[in-house]
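# Results of the structural survey
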Amino acid sequence: MKQFISFVKKEFYHIFRDKRTMLILLGMPVIQILLFGFAITTEVNNVQVAVFDPSKDVSTRLIKERFQASKYFEIEEELTDYNQINDIFKYGKINMVIVFSENFADNLLHTGEAAIQLITDGTEPNQASMLTGYASNILSSYQQELSEQYNVPFRIIPEIKMLYNPQTKSAYNFVPGVMGMILILICAMMTSIAIVREKETGTMEILLSSPMKPLHIILAKAVPYFLLSILNLTTILLLSVYVLGVPIAGNFLLLILTSFLFIFLALSLGLLISTLVNSQMAAMLASGMGLMMPIMLLSGLMFPIESMPKILQWISAIVPARWYIEAVKKIMIQGVELQYVIKEIFILIVMAAGLIVLSLKKFKTRLN
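Quantities reported herein were computed from a predicted structural model and do not represent experimental measurements.

Our focus in this paragraph is the overall build of the protein chain. Check the secondary structure of the protein chain and you find 14 helices and five strands. Considering only residue pairs separated by 6 or more positions, the protein chain has 77% of its internal contacts joining residues 24 or more positions apart. Of the accessible surface of the protein chain, which amounts to about 19400 Å², a share of 65% is contributed by carbon and sulfur atoms.

Right, dumping it as structure tokens:
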């Protein structure tokens, strides 16, 4: 029995001395419960709303105050022209636009009816349905209060319009997300495993002693995965268009170039992972499990980023898939031009450059 206890103590000593194991055992559950607790929510909070109000009367002012007081909405902008609506959605800053009819209060008091339009971004149909539902409840509450005040039945008729996806197909939302997840996981995982395999078997030193420069060796290992990722991209796009019925509304060349940039970024991330681990199993865990959870929870693939706490929104900014998914939605679904995705493309370029510089520096340091 004493021998058994001594062996148990020995195992505890091994675990306590290994900081990485301790981090996985004690740190990961805390991180996961916080991420899943705050990121996974079906509610939509703090939604950015724009208003087009040609009437500017007492009724429209009261309705806007109710929207502003709600925890679901934040009125960010007052539009002066109806034609601004399409452009404001393309920049991705606004999730819903409320459009009041002219002479809103007069129509409501004299005819008992008034029209209001709720325009949302249909590229995320579930979120759009929730937004219009919350907005309709606010309008119904005001309508009921007004009816009780005047003892007259009033009707505020909301007309719901979903831009870019009037059929509310869920494929419009998950196809860009799946593209981002598949490309980064395959590229990062395969690249990291391929390079670590050479290090693990001891053949990397032989390759480095050859006349080829280290940079050329790394590029030679990355090129096949780049080409295979292009094949995956082609397959995804073909299935999306011809099987799922998701159109490519924007510039096809811009979509392809943005995807190539993201593939290069993912390969750079895989190269960085290969410099941090020494076994294929560790590389698979880091590139697979380590990237899967942030992509699923913090990229906007499954849950709206606007509804997360501010700290998680800031953390999501370092997830490359978030910016690629936003760019693909704008190009593929909304059909925007280059000027509307400059921000996303610039962030991806900066991330790719930073990853490749850091990974090459770490790679040379580890193998010399």
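Its twelve residues place the ends of helix H3 (residues 58–69) 16 Å apart at the C-alpha level, agreeing with the 16 Å of an ideal helix rising 1.5 Å per residue. For H3, every residue scored as buried is listed here: Ser59, Thr60, Ile63, Lys64 and Phe67. All buried residues of H3 lie within an arc of 130 degrees about the axis, which places them on one face of the element. Looking at where H3 begins, the residue whose side-chain oxygen comes 3.1 Å from the main-chain nitrogen of Ser59 is Asp57.

Attention now moves to unusual backbone geometry. Trans peptide bonds make up the majority, and among non-glycine residues the majority have a negative phi. The phi dihedral of Lys56 falls on the positive side, at around 50 degrees, and the residue is not glycine. Notably, Asn103 is not glycine yet its phi reads approximately 55 degrees, a positive angle.

Sheet topology note: the strand S4 (residues 113–121)/strand S5 (residues 155–163) ladder contains nine bridges and is parallel. Within S5, the position partnered with Leu118 by the bridge is Ile160. At this point the chain moves from S4, through helix H6 (residues 125–150), to the parallel S5, and the crossover so formed is right-handed.

Below, the discussion takes up the pattern of salt bridges. Considering all chains together, one arrives at seven salt bridges under this definition. Of the charged contacts, one joins Glu65 and Arg61 as a salt bridge, the two residues approaching to 3.1 Å between their closest N and O atoms. Separated by four residues within a single helix, Glu65 and Arg61 lie in helix H3, roughly one turn from each other. Here Glu65 falls in the partly exposed class, since its relative accessible area comes to 42%. In this structure Arg61 comes out as partly exposed when scored by relative accessible area, which is 42%. With its nearest N and O atoms 3.0 Å apart, the salt bridge here joins Lys330 to Glu344.

Here five strands make up an open sheet; going across it, the order is S2-S1-S3-S4-S5 and the pairing mixed. Two strands bound the open sheet, and with one partner strand each, they are strand S2 (73–79) and S5. For this sheet the average axis-to-axis angle between neighbouring strands, irrespective of direction, equals 25 degrees. Where strand S1 (residues 47–52) and strand S3 (residues 96–100) come together, four bridges link them in parallel fashion. Bridging from a neighbouring strand, Phe52 pairs with Val99 of S3. The strands that H3 touches are S1, S2, S3 and S5; relative to S2, the one it contacts most, it runs at about 140 degrees. Across the sheet, helix H5 (residues 104–111) is in contact with S3, S4 and S5; its angle to S4 comes to roughly 135 degrees.

We now examine the packing of H3 against H6. Contact geometry for H3 and H6: axes closest at 10 Å, N-to-C directions at 130 degrees. Taken together, the axes of H3 and H6 lie oblique to each other. Seen from above, H3 lies across H6 with right-handed handedness. Of the residues in H6, those touching H3 at Ser59, Leu62, Ile63, Arg66 and Phe67 are Ala135, Ile138, Leu139, Ser141, Tyr142 and Glu145. Across the contact of H3 with H6, the residue classes tally to seven nonpolar, two polar and two charged.

Applying the stated criterion across every chain yields a total of six aromatic pairs. Here Phe262 and Tyr324 contribute two aromatic rings whose centre-to-centre distance is 4.2 Å and whose plane-to-plane angle is 5 degrees, an arrangement assigned as stacked. Highlighted residues: Phe262 in helix H10 (residues 252–276) and Tyr324 in helix H13 (residues 320–334), separated in sequence by 62 residues. Each member of the pair, Phe262 as well as Tyr324, is classed as buried. When the ring centre of Trp323 is taken as origin, the NZ or CZ atom of Arg322, which lies over that ring, is 4.4 Å away.

By size, the foremost hydrophobic cluster in this structure holds 72 residues, and its most contacted members are Phe89, Val97, Met179, Tyr324 and Met332. The greatest single-element share of this core, amounting to 14 residues, is contributed by helix H7 (residues 171–201). Excluding residues within four positions of it along the chain, Tyr324 makes contact with Met179, Gly180, Leu183, Leu233, Thr258, Ser259, Phe262 and Leu348. Judged by nonpolar contacts, the second largest core, of 25 residues, contains Ile63, Met96, Leu131 and Tyr134.

The next point concerns H13. Taking 1.5 Å of rise per residue, the 15 residues of H13 would be expected to cover 21 Å, and the 21 Å separating its terminal C-alpha atoms lies within 8% of that figure. Backbone geometry just after H13 places Gly335 at a positive phi near 75 degrees.

Note on placement: Tyr134 falls in helix H6. Assessed through its relative accessible area of 19%, Tyr134 is described here as buried. Along the chain, Tyr134 and Tyr72 lie 62 residues apart, while their C-alpha atoms are 7.6 Å from each other.

With six bridges joining them, S1 and S2 adopt parallel strand pairing. Across the sheet, the residue bridging to Val51 is Glu78, located in S2. This β-α-β element, S1 to H3 to S2, shows right-handed connectivity.

About the cut-offs
- Residues numbered from 1 in each chain as written.
- Predicted model: local features only at pLDDT ≥ 70, side-chain atom pairs only at ≥ 80, totals over all residues.
- Heavy atoms only, no water.
- Helix = DSSP H or I, 4+ residues; strand = E, 2+ residues; numbered from the N terminus.
- Contact = heavy atoms within 4.5 Å.
- Areas by Shrake-Rupley, 256 points an atom, 1.4 Å probe, with all protein chains shown as cover.
- Expected span 1.5 Å × (residues − 1).
- Buried < 20%, exposed > 50% of the residue type's maximum accessible area, 1.4 Å probe, protein only.
- Arc of directions from axis to C-beta.
- Polar contact = N/O pair within 3.5 Å; in protein donor to acceptor, adjacent residues only side chain to side chain.
- Pairing = 2+ DSSP bridges.
- Right-handed = clockwise from strand over helix to strand, strands pointing away.
- Salt bridge = Lys/Arg side-chain N within 4 Å of Asp/Glu carboxyl O.
- Axes fitted to C-alpha atoms, helices over the stretch in contact; angles between N-to-C directions.
- Parallel < 35°, antiparallel > 145°, perpendicular 65-115°, else oblique.
- Left-handed = near helix turned anticlockwise from the far one by under 90°.
- Nonpolar A, V, L, I, M, F, W, Y, C, P; charged D, E, K, R; others polar.
- Phe/Tyr/Trp six-rings, centres within 6.5 Å; stacked < 30°, edge-to-face > 60°.
- Lys NZ or Arg CZ within 6 Å of the ring centre and 35° of its normal.
- Core = buried A, V, L, I, M, F, W, Y, C linked by side-chain atoms within 4.5 Å.

Just geometry here; none of it tells us what the structure is for.
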